[in-house]
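Report on the structure
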Amino acid sequence: MNPLRVLLVDDEPLALARLEVGFRDIPETVIVGLAQNGEEAVERIDSLRPDVVILDVKMPLRDGLEVARSLSGNDAPEVIFVTAYEQFAPSAFEVEAADYLLKPIRFERLRVAVERARRRRAARDSGARIEELESVVDALRADTRTRSDAAPQFESELWVPSLHGAVRVATASIIWIEAARDYVILHTAARSLILRETMGRMQERLDPAQALRVHRSAFVNPAAVTGIQRLGKGQIAVVLSDGQVVTVGPNYSQSVLSALNARGHR
């Protein structure tokens, strides 16, 4: 496997230094360059041809969103935004960013974002289309519903607004969901998407067999849970197939353990 070529872009030297430290523990990656403003970022992307750009949002000359909008073509890098401001999340996902990280960045979260970008890059390079796979899953679920006497109670797909219209997401493909103010972020194996919706409304729309509430601000897909971490004092966290670790809220621990035990988790 060729190492993932990464460009780091941030106008704060300390933020760049922290990112460099974080990448020491991410295998099969190499930092090919640094930039400290939007104009430098565009120049470095053009000359270095990175696979992934870690891109701050608020920067001099051009902000990160302007830089991302300038990228096009099959050789355009995957973009992971980093910022201290939650309010830019909707705009970030409109330009189909691989992920959106809030400062101070947790290294574990950075690793998950980079692996998601790697999968997106590999899928694009091989000509695979994640949407097609999701459509197959959704078609199978629709066929099951057709043959069932009972009417479907929950939604099997979500339509998420995007820069060029809307993206169809099979609910079975969602690994976990997190709250972000007035929005929710849907994390799949290959991308993250943002939807203007409340967590309460999502709980009404989604089958708990696919979206188990583990916290007031998070759902996980039980099928994507690969392990359970016991944190002490009765607290637990679930480990997901993309490497993400999601802490379970104290009020949800018992129901989460019961649901996962029914699936064979211990």
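Relevant structure appears above.
Residues numbered from 1 in each chain as written. Predicted model: local features only at pLDDT ≥ 70, side-chain atom pairs only at ≥ 80, totals over all residues. Heavy atoms only, no water.

Structural notes on the nonpolar core
Convention followed: Among buried residues, the Ala, Val, Leu, Ile, Met, Phe, Trp, Tyr and Cys ones that are joined through side-chain atoms within 4.5 Å form a nonpolar core. Note on exposure labels: buried denotes an accessible area under 20% of the residue type's maximum, exposed denotes more than 50%, and partly exposed covers the range between, all computed with a 1.4 Å probe on protein chains only. Under the DSSP-based scheme used, a helix requires at least four consecutive residues in state H or I and a strand at least two consecutive residues in state E, with every element numbered from the N terminus. Here, residues are in contact when the closest pair of their heavy atoms is within 4.5 Å.
Judged by nonpolar contacts, the single largest core of 21 residues is most densely connected at Val9, Val53, Leu55 and Phe81. Of all elements in the fold, only strand 1 (4–9), helix 2 (38–48), strand 3 (52–56), helix 3 (64–69) and strand 4 (78–83) reach the threshold of two or more residues within this core. Val53 has contacts with Leu7, Val9, Ile45, Pro77, Glu78, Val79 and Ile80, leaving out every residue within four places of it along the chain.

A look at the environment of Gln244
Mapped onto the secondary structure, Gln244 falls in the loop between strand 14 (235–240) and strand 15 (245–247). Among the residues examined, Gln244 registers a relative accessible area of 2% and is labelled buried. Setting aside its immediate chain neighbours within four residues, Gln244 contacts Arg106, Glu108, Arg109, Val112, Trp176, Val238 and Val239.

Points about the side chain of Thr171
The cut-off we apply is this: N or O atoms within 3.5 Å of each other form a polar contact, as long as, within protein, one can give a hydrogen and the other can take it, and as long as residues adjacent in sequence are counted only when both atoms are side-chain atoms.
With respect to the secondary-structure elements, Thr171 resides in the loop between strand 7 (165–170) and strand 8 (174–180). Reaching out from Thr171, the side chain makes a polar contact with the backbone oxygen of Glu155 at a distance of 3.5 Å.

Observations regarding unusual backbone geometry
Where the residue is not glycine, phi is negative for most of them; where a peptide bond is considered, it is trans in most cases. With omega at -5°, the peptide bond leading from Lys103 into Pro104 counts as cis. You can see Pro104 is positioned in the loop between strand 5 (99–102) and helix 5 (107–125). Positioned with a positive phi, Glu28 is a non-glycine residue whose angle comes to about 55°. On the basis of relative accessibility, which here comes to 40%, the residue Glu28 falls in the partly exposed class.

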